[in-house]
Amino acid sequence: MLKIIYKLFAYTQIAFMCCLLFSMHAYAEPKVGIIIPELRAPYNEIYDAISDGIDKGLQGTPERLLLEKDYSSEIITDWLSDQGIESIIALGSLGQKSTVYLPSNMSVVLGAVLSSSSEITEYPSIALIANPIEQFNLLKKLDSKRTKIVVVYNPSKNQWLIDLAKQQIEASKIQLIAYQATDIKQSARIYDEVLRTENLDTTALWIMQDRSVVDSRVVLPFILEKAWQKNVVVFSGSPGHVKNGVLFCLYPNNIEHGEQAANLLLKEIKGFPVEDKIYPTKGLQKAINSRTAEHLGLSITRSDLREFDLVFPLSN
C-alpha cells in the first residue's frame, strides 16, 4: 500500500513540474532584437552604450542587427525569421524607417529619436532630449532672474516638446515664448528680432537640437555673439553647443536611455497601457561653460562645478 502511495505522489510531482514548465514556457517573454544603425567610430559608441543599457534593462542580451544605410528589406525579414525575433527596439532615424518592414502584431519601441513629426509614429518612442522642466529647473538654479524663455522650433518636428513644456510650466512663474520656423532663414530672422529687443535682463534662449532651425555655421554663432554682447543666457541639449559658448545643457546618459527603452518595451509586451507616444529621456548628464558663466556674472563655485559631468573650457 505504501509503495502505491509513493508512486502516486511521485507521479503527481512529475505532473506538477511538467505543468509548471509548460506554463513558464507559455508565458515566457518574446525574444527581443535591437536594430542599430551602423556608424563609424566614435559615433557608434552612442549606440553601443544604449544597447548596453537595453541589456541591463532586459537582464539579458538581445540579438543585434547592424543596419547599413543601403540595407534591403530582405536583411530585416530574414533576420527576424532566422533569429525568431518577436519584439524590437529600433534605434535612431534609420531604425525608425526600418520599422515599415516589421509585422504589424510585433511589439516595437523606438529609441535614440531626435525629433518626431506632428503625426508621431505609431510606436512608443524615447527622444534623445531632456525633459523641459529639468532644463528650466537648472536655469532657475544658475540664474533665478531668468523667468522668460524664448525658443524657436519647427512644429513638424518638435511640437510635442513645446506642448509638454507649456503644460509643465502652467503652475510656475516661467513665461515661455515659442516661435515657429520651418527653415534657417526664418529662424535667423526671428532670433535677430528677439536679440534686438532693448531689455533682455530676464530672458533666456532655449536652443533646439534641430538643424532645420539652428545650424552651427550661421545661426548658432550669430546667437552666441549677440547673447555675449547683451548678457543673455543661452541653453540647449548639446555639449557641442556648450563648448562653443552656450551656458549649459542637459544631455542623455546613454546607458540609462537604453534602460528606459527596455522598460518601455517590457511594458508593451505585458500589455500595460502606454500613456504617451513619445517621451523625453530620463537619464541626464549636465555640462556647463564656466567662461560664459563668469562673463554673465553668475556665482558658481568650484563645488558647484563638481556637480557637472562636463565643464568647458576643458582643462589640460
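About the thresholds
Here the residue numbers are simple positions, counted from 1 along each chain's written sequence. With the structure being a predicted model, the display of local features is reserved for residues of pLDDT at least 70 and the display and counting of side-chain atom pairs for 80 or more, all residues being used for whole-chain, interface and lining totals. Side-chain metrics in this entry use all non-hydrogen atoms of the structure; hydrogen atoms and water are not considered. Every helix listed is a DSSP run of H or I at least four residues long, and every strand listed is a run of E at least two residues long, numbered separately from the N terminus. Pairing of aromatic rings covers Phe, Tyr and Trp, the last through its six-membered ring, and needs centres within 6.5 Å; plane angles under 30 degrees mean stacked, over 60 mean edge-to-face, and all others mean tilted. Any residue under 20% of the maximum accessible area for its type is buried, any over 50% is exposed, and the rest in between are partly exposed; the area is computed with a 1.4 Å probe on protein chains only. Contacts are residue-level and defined by heavy atoms, with any inter-residue pair within 4.5 Å sufficient. Two strands form a pair only when DSSP identifies at least two bridges running between them. Axis definition: a line fitted to C-alpha atoms, over the contacting stretch in the case of helices. Angles run 0 to 180 degrees between N-to-C directions. In these notes, a set of buried Ala, Val, Leu, Ile, Met, Phe, Trp, Tyr and Cys residues joined through side-chain atoms within 4.5 Å is what counts as a nonpolar core. Roughly parallel refers to an angle under 35 degrees, roughly antiparallel to one over 145, roughly perpendicular to one between 65 and 115, and oblique to any angle outside these ranges. Note on residue categories: nonpolar means Ala, Val, Leu, Ile, Met, Phe, Trp, Tyr, Cys or Pro, charged means Asp, Glu, Lys or Arg, and polar means any other residue, Gly included.

## What about unusual backbone geometry?
Generally, phi is negative for residues other than glycine and the peptide bonds are trans, each holding for most cases.
Then, number 1: Here the bond from A41 into P42 is cis, since omega is 5°, no more than 30 degrees from zero.
Then, number 2: Residue placement: P42 occurs in the loop between β1 (32–37) and α2 (44–58).
Then, number 3: For the bond from F312 to P313, the omega torsion is -5°, close enough to zero to count as cis.
Then, number 4: Take P313: it is sitting in the segment after β13 (310–312).
Then, number 5: For A112, which is not glycine, the phi torsion reads 55° and is therefore positive.
Then, number 6: Along the chain, A112 falls in strand β4 (residues 107–113).
Then, number 7: Positive phi, normally seen in glycine, also occurs at N231, with a value near 55°.
Then, number 8: Its place among the elements puts N231 in the loop between α8 (219–230) and β9 (233–236).

## Digging into the packing of aromatic side chains
Then, number 1: Evaluated as defined, the whole model comprises five aromatic pairs.
Then, number 2: A centroid spacing of 6.3 Å and a plane angle of 10° characterise the contact between W206 and F235, whose relative ring orientation is stacked. In this pair, W206 is assigned in strand β8 (residues 203–206) and F235 in strand β9, connecting sequence segments 29 residues apart. The same class applies to W206 as to F235, namely buried.
Then, number 3: Ring centres of F235 and F248 lie 5.1 Å apart, and the angle between their planes is 5°; this geometry places the pair in the stacked category.

## Things to note about the side chain of D55
Then, number 1: Its location among the elements puts D55 in helix α2.
Then, number 2: Not counting chain neighbours up to four residues away, the residues in contact with D55 comprise I34, G60, T61, P62 and R64.

## Brief notes about the sheet that holds strand β5 (residues 125–130)
Then, number 1: Pairing in this open sheet of six strands is parallel, and the strands run β2-β1-β3-β4-β5-β11 from one edge to the other. Edge positions in the open sheet fall to β2 (63–67) and β11 (278–281), since each of these has one partner strand only. Within the sheet, the average angular offset between the axes of one strand and its neighbour, ignoring direction, is 20°.
Then, number 2: Direction of pairing for β1 relative to strand β3 (residues 87–91): parallel, over a ladder of four bridges. Within the sheet, the bridge partner assigned to V32 lies in β3 and is S87.

## Remarks on the nonpolar core
Then, number 1: Counting 56 residues, the largest nonpolar core has Y191, L205, W206, M208, F235 and L247 as the members making the most contacts within it.
Then, number 2: Setting aside residues no more than four positions away along its own chain, L205 makes contact with V150, Y191, V194, L195, I223, V232, V233, V234 and F235.
Then, number 3: Counting 19 residues, the second-largest nonpolar core is a separate cluster that includes I50, I54, L264 and Y279.

## Some points on the packing of helix α5 (residues 132–142) against helix α6 (residues 155–168)
Then, number 1: Here α5 crosses α6 at 55°, and the two axes come no closer than 9 Å. Judged by the angle between their axes, α5 and α6 are oblique. Residues P132, I133 and F136 of α5 lie in contact with α6, whose contacting residues are L161, L164, A165 and Q168.
Then, number 2: Among the residues forming the contact of α5 with α6, the class breakdown is six nonpolar, one polar and no charged.

Function cannot be inferred from these measures alone, as they are strictly geometric.
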